[in-house]
Amino acid sequence: MDPISTTTAPAQHSAVSTRPKKRTFPIPSESPDSAAEIPTQFSGRSVASGSTLGGFAAGQLLRLCRVAGLAGADADTYANVLVESLGAMAERPLDLPAPSLSFLSDDHTPVEFSLSFLPGAAPTLRVLLEPGCGAGSLAENGRIGLGVIRAMARRWGFAADKLDLVQDLFFPRDPQGLLALWCALELRSGGVPRMKVYLNPGASGAEHAAETVRAALERLGYRQAFATLPAADGYPFFALDLGDWESPRVKVYLRHSNLAVPDAGGLSRMQYGPAAETVEDFVQLAAGYDDRARSGPGACSDPRLGGLPVLTCHSFTETESSLPSGFTVHIPVRDYVRHDGEAHTRAVAALAQHGMDPAPLTQSLAALTPRRLQDGAGLIAYLALAHEKGRSPRVTAYISSEAYEVRPATPPAPQAASPVL
Ligand code: TRP
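Fair warning: this is a prediction, and the values are worked out from it, not measured in the lab.

Caption draft 1: Representation of the sheet that holds strand 4 (residues 124-129) within the structure. Around the barrel, 10 strands lie side by side as 3-4-5-6-7-8-11-12-13-14; this closed barrel has antiparallel pairing. Adjacent strand axes in the sheet meet at a mean angle of 20° when their direction is disregarded. Packing against the sheet, helix 2 (residues 53-67) makes contact with strand 3 (111-117) and strand 4, and its axis sits at approximately 10° to strand 3. Each of strand 5 (181-186), strand 6 (194-199) and strand 7 (238-242) touches helix 4 (residues 138-156); the most contacted strand, strand 5, lies at about 30° to it.

Caption draft 2: Helix 11 (residues 340-353), seen in detail. With 14 residues, helix 11 should cover 20 Å at 1.5 Å per step; its first-to-last C-alpha distance of 19 Å lies within 8% of that length. In this fold, the buried residues of helix 11 make contact with strand 3, helix 9 (276-287), helix 12 (359-368), strand 13 (380-388) and strand 14 (394-400). Looking one or two places after helix 11, you find glycine 355, whose phi comes out positive at around 75°.

Caption draft 3: A look at the nonpolar core. The biggest cluster of nonpolar side chains holds 97 residues, and the ones touching the most others in it are Leu61, Leu217, Phe238, Val252, Leu305 and Val329. When sequence neighbours within four positions are dropped, the list of residues in contact with leucine 61 reads Ala75, Tyr78, Ala79, Leu82, Phe113, Leu125, Val127 and Leu187. Residues Phe103, Leu128, Leu311 and Tyr382 belong to the second largest nonpolar core, which totals 16 residues.

Caption draft 4: Focus on unusual backbone geometry. If you check the backbone angles, histidine 108 has positive phi at about 75° while not being a glycine. One non-glycine residue, asparagine 258, adopts positive backbone phi at about 55°. With respect to the element layout, asparagine 258 can be found in the loop between strand 8 (250-256) and strand 9 (259-260). Classification of asparagine 258 as partly exposed rests on a relative accessible area of 31%.

Caption draft 5: Molecular detail of the pairing of strand 6. Here strand 6 lies mainly inside the structure; five of its six residues are buried. Bridging between strand 5 and strand 6 involves six bridges; their strand directions are antiparallel. Across the sheet, residue tryptophan 182 finds its bridge partner in strand 6, namely tyrosine 198. By the bridge criterion, five bridges tie strand 6 to strand 7 in an arrangement that is antiparallel. Note on strand 7: the bridge partner recorded for tyrosine 198 is alanine 239.

Caption draft 6: Molecular detail of the packing of helix 9 against helix 11. Put simply, helix 9 and helix 11 touch, their axes get as near as 9 Å, and they point 155° apart. It follows from the interaxial angle that helix 9 and helix 11 lie roughly antiparallel. Two packed elements cross with a definite hand, and for helix 9 against helix 11 that hand is right-handed. Along its contact with helix 9, which presents Phe282, Leu285, Ala286 and Ala287, the element helix 11 presents Arg346, Ala349, Ala350 and Gln353. Of the residues contributing to the contact of helix 9 with helix 11, the split by class is six nonpolar, one polar and one charged.

Caption draft 7: Looking closely at the environment of serine 321. Relative to the elements of secondary structure, serine 321 occurs in the loop between strand 11 (310-316) and strand 12 (326-331). On the basis of relative accessible area, serine 321 is assigned to the partly exposed category, the value being 35%. Spatially, the C-alpha atom of serine 321 lies 8.1 Å from that of glutamine 224, the residues being 97 residues apart in sequence.

Conventions we followed
- Residues numbered from 1 in each chain as written.
- Predicted model: local features only at pLDDT ≥ 70, side-chain atom pairs only at ≥ 80, totals over all residues.
- Heavy atoms only, no water.
- Pairing = 2+ DSSP bridges.
- Helix = DSSP H or I, 4+ residues; strand = E, 2+ residues; numbered from the N terminus.
- Axes fitted to C-alpha atoms, helices over the stretch in contact; angles between N-to-C directions.
- Contact = heavy atoms within 4.5 Å.
- Expected span 1.5 Å × (residues − 1).
- Core = buried A, V, L, I, M, F, W, Y, C linked by side-chain atoms within 4.5 Å.
- Buried < 20%, exposed > 50% of the residue type's maximum accessible area, 1.4 Å probe, protein only.
- Parallel < 35°, antiparallel > 145°, perpendicular 65-115°, else oblique.
- Left-handed = near helix turned anticlockwise from the far one by under 90°.
- Nonpolar A, V, L, I, M, F, W, Y, C, P; charged D, E, K, R; others polar.

All we've got here are geometric facts, nothing functional implied.
Structure (structure tokens):
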């Protein structure tokens, strides 16, 4: 079966207002340039028109680059890269449905932005995208993705040897699951991004995902690494840093369904990792449990994240120890708020708590969409807290493009306020 083109969206995403999802993959002809609000040239023609998928996303990227303090020339380069990575889908008119049921975002936009904050520095802008989003099958989606990754590696002179080592594990003849390959670009100044590739451990079936992760870690030299990982309900992603990283990471993502807040603190396997309390506080804040919900009248004795699952990411850089050198907890905040105003408030609080300036986040949301924060619950898709050996903790906000739909705000009390029985 080909999940990309034939399955319906996962039930957990049912809150997204539906419009008929057709399987249509036409390659649109040249799009009109008239609505171009930001005059930027891509391959000799302007596609920064808001009326195509590529133009819409490139416009958002250009505005976000300004917030992140990137120079105009770098911003143009990166907008170009984004458009090129989407191939023919960049020119798909926005009034057609999304190119496929991409799992990358709730409304199936194959692009998502993120801002990663450190104390005392401008945030780093990143963009996650699905190069094969227009493919008619998951296998084809993967082939297109690999082609784009290899072209980028050639362009910027990156080695892709790590990908070579594990490629066959993630690209079987008849792949299964919700993704084949995603690519994330960290948009640093100078016009050469850092690159991350996301692969699907369940490509040969979800029941083989753990074995695939173990095999991939072993091939990359992390022989005991799998055994260090905490228990999980699934392995949604396996990721590789490619390019000019100081210490390129191999990353394993774990799913934790119905996670109890007090259990979050015990999920890191880093040697000198975050204190359990630091992780629990972040989870509690992002999920909307305030102190009153934990103790005091009406307290909820068993606070759990019963909506979309928490993900943790365990990153490896040292083959000798096989212990992770990084730990990130990702909270799908959109499922624990009534609307994005709440998500924004929590993000600002988390940033302030970790000594980071929240102003660029607020500016970014305004740069992405003119809508009011109260009018949807999905602009901030995830909030994450990342610890890496020898570095300051980072807070990251993942921000949706919303090219197709706004995830509706929910009028009743947030899920997080009620204990899951
Ligand atoms: N949309 C998917 C999800 O909600 C994948 C994804 C997109 C994701 N951006 C992410 C997962 C950021 C973790 C963090 O799971």
